[in-house]
Amino acid sequence: MGISLTRFAPNMFLCQCKYAEEIVYMAKMANCKIMPTPVHSKSKLSANEGAPVSDPTLYRSLAGALQYLTFTRHDIAYVVLQVCLFMHDPRESHFAALKRIIRYVKGTLDFGLHIYLSAPTKLLSYKDADWAGCRDTRRSTSGYYVFLVDNLISWSVKRKATLSSSSVEAEYRGVANVVTKICWLRNLLLELQCPLLKASIVYCDNISAIYMSHNLVQHQRTKHIEMDIHFVREKVALGQVKILHVPSSYQYADILQRNY
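Keep in mind that what you see is a predicted model, and the values were worked out from it rather than measured. (Residues numbered from 1 in each chain as written. Predicted model: local features only at pLDDT ≥ 70, side-chain atom pairs only at ≥ 80, totals over all residues. Heavy atoms only, no water.)

Trainee: What is the right way to read the overall build of the chain from this model?
Mentor: A tally of helices and strands in the chain yields 7 helices and 8 strands. Expected size for 260 residues packed as a compact globule is a radius of gyration near 18 Å; at 20 Å, the chain falls within 12% of this value. The dimensions of the chain, computed from C-alpha atoms along their principal axes, are 55 × 50 × 30 Å. When the 260 residues of the chain are sorted by exposure, 49% land in the buried category. For the chain, the proportion of contacts with a sequence separation of at least 24, taken over those separated by at least 6, is 74%. Carbon together with sulfur atoms contributes 57% to the accessible area of the chain, which is approximately 13600 Å² in total. For the chain, the centre of its 31 positive side-chain charges and the centre of its 20 negative side-chain charges are spaced 1 Å apart. (Helix = DSSP H or I, 4+ residues; strand = E, 2+ residues; numbered from the N terminus. Rg over C-alpha atoms; globule rule 2.2 N^0.38 Å. Buried < 20%, exposed > 50% of the residue type's maximum accessible area, 1.4 Å probe, protein only. Contact = heavy atoms within 4.5 Å. Areas by Shrake-Rupley, 256 points an atom, 1.4 Å probe, with all protein chains shown as cover. Lys, Arg positive; Asp, Glu negative; His and termini not counted. Charge placed at Lys NZ, Arg CZ, Asp CG, Glu CD.)

Printed below as a string of structure tokens:
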């Protein structure tokens, strides 16, 4: 994966510059035009749009290589997910989107992940989800960031396996996903003799989803997500997690489920 570590005492910087260059050369795009963003702000890919690509093996190789690049490049996690969804039957429009990612990567080879020296005293996360964002299946995509104090230590972007009947359901299932990750991280820190004494914060920009995490009344319209509801409420009641509102303009997780 070509991860290099550079120390700027007492901090560190993780980068995959060499690996990113290899991807650019694999695509034969060393002299390509650099793009300022990895995806067009108005584009939404569809499974049956355009003619099939002439070399699907190259497409799959490049898409797979970009997945490993997201280990230190969370800024391309969302768009890499989009092109990977069509590896079974790639079309020319999908290949064009993939090439745009590589043009963006070529211009940002020195991007990476900063790790700062700090005591592991708190976990906080930002999560967001779209609703019915997929043009073909109308399934939702959710993503989250988890910070240990000032350090970004975990992020994820996933297409939901099932349909969400409302934006609240899509947001709340995303909350359940990030709470699951937070519980795992809290247990890991406990095993490392660094227990967290304060509740971990989950920032969500959906008021209804926050209300559901505190309201003990089980409404008829939420019965289909009952397990997620009880799981999150239990962690809130135990004081391990707090679900708080954040304005959309400060929602960092937007980058993981929305076009730029």
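Trainee: Please explain the sheet that holds strand 7 (residues 200–204) as it appears in this structure.
Mentor: Each strand in a sheet pairs with another by means of backbone hydrogen bonds, the pair being arranged parallel or else antiparallel. Sheet architecture is open: 5 strands sit in the order 6-5-4-7-8, paired in mixed fashion. The sheet is open, and its two borders are formed by strand 6 (151–159) and strand 8 (241–245), each paired with just one other strand. Shown here is a sheet whose adjacent strand axes are inclined to one another by a mean of 20°, direction ignored. Sheet analysis places strand 5 (residues 141–148) next to strand 6, joined by 8 bridges and oriented antiparallel. By the bridge assignment for strand 6, Gly143 is matched with Val157. Packed onto the sheet, helix 6 (residues 207–214) meets strand 7 and strand 8 and runs at close to 150° relative to strand 8. (Pairing = 2+ DSSP bridges. Axes fitted to C-alpha atoms, helices over the stretch in contact; angles between N-to-C directions.)

Trainee: Is there a simple way to explain the sheet that holds strand 1 (residues 4–8) in this structure?
Mentor: One open sheet holds the 3 strands; their spatial order is 1-2-3, and the pairing between them is antiparallel. The open sheet terminates on both sides in strands that have one partner only, identified here as strand 1 and strand 3 (112–115). Within the sheet, the average angular offset between the axes of one strand and its neighbour, ignoring direction, is 20°. Note that strand 1 and strand 2 (residues 11–15) share 5 bridges and pair antiparallel. Across the sheet, residue Arg7 finds its bridge partner in strand 2, namely Met12.

Trainee: Honestly, helix 1 (residues 17–26) in this entry has me stumped. Any pointers?
Mentor: In an α-helix there are 3.6 residues to a turn, and that puts residues three or four apart on one side. Among all positions in helix 1, only Tyr19, Ala20, Ile23 and Val24 are buried. Taken around the axis of helix 1, the buried residues stretch over an arc of 145°, which confines them to a single face. In helix 1, those exposed residues whose orientation departs by more than 90 degrees from the buried face are Lys18 and Tyr25. Summarising the contacts, the buried residues of helix 1 are in contact with helix 2 (56–69) and helix 4 (92–107). Backbone geometry just downstream of helix 1 places Lys28 in the positive-phi region, at approximately 60°. (Arc of directions from axis to C-beta.)

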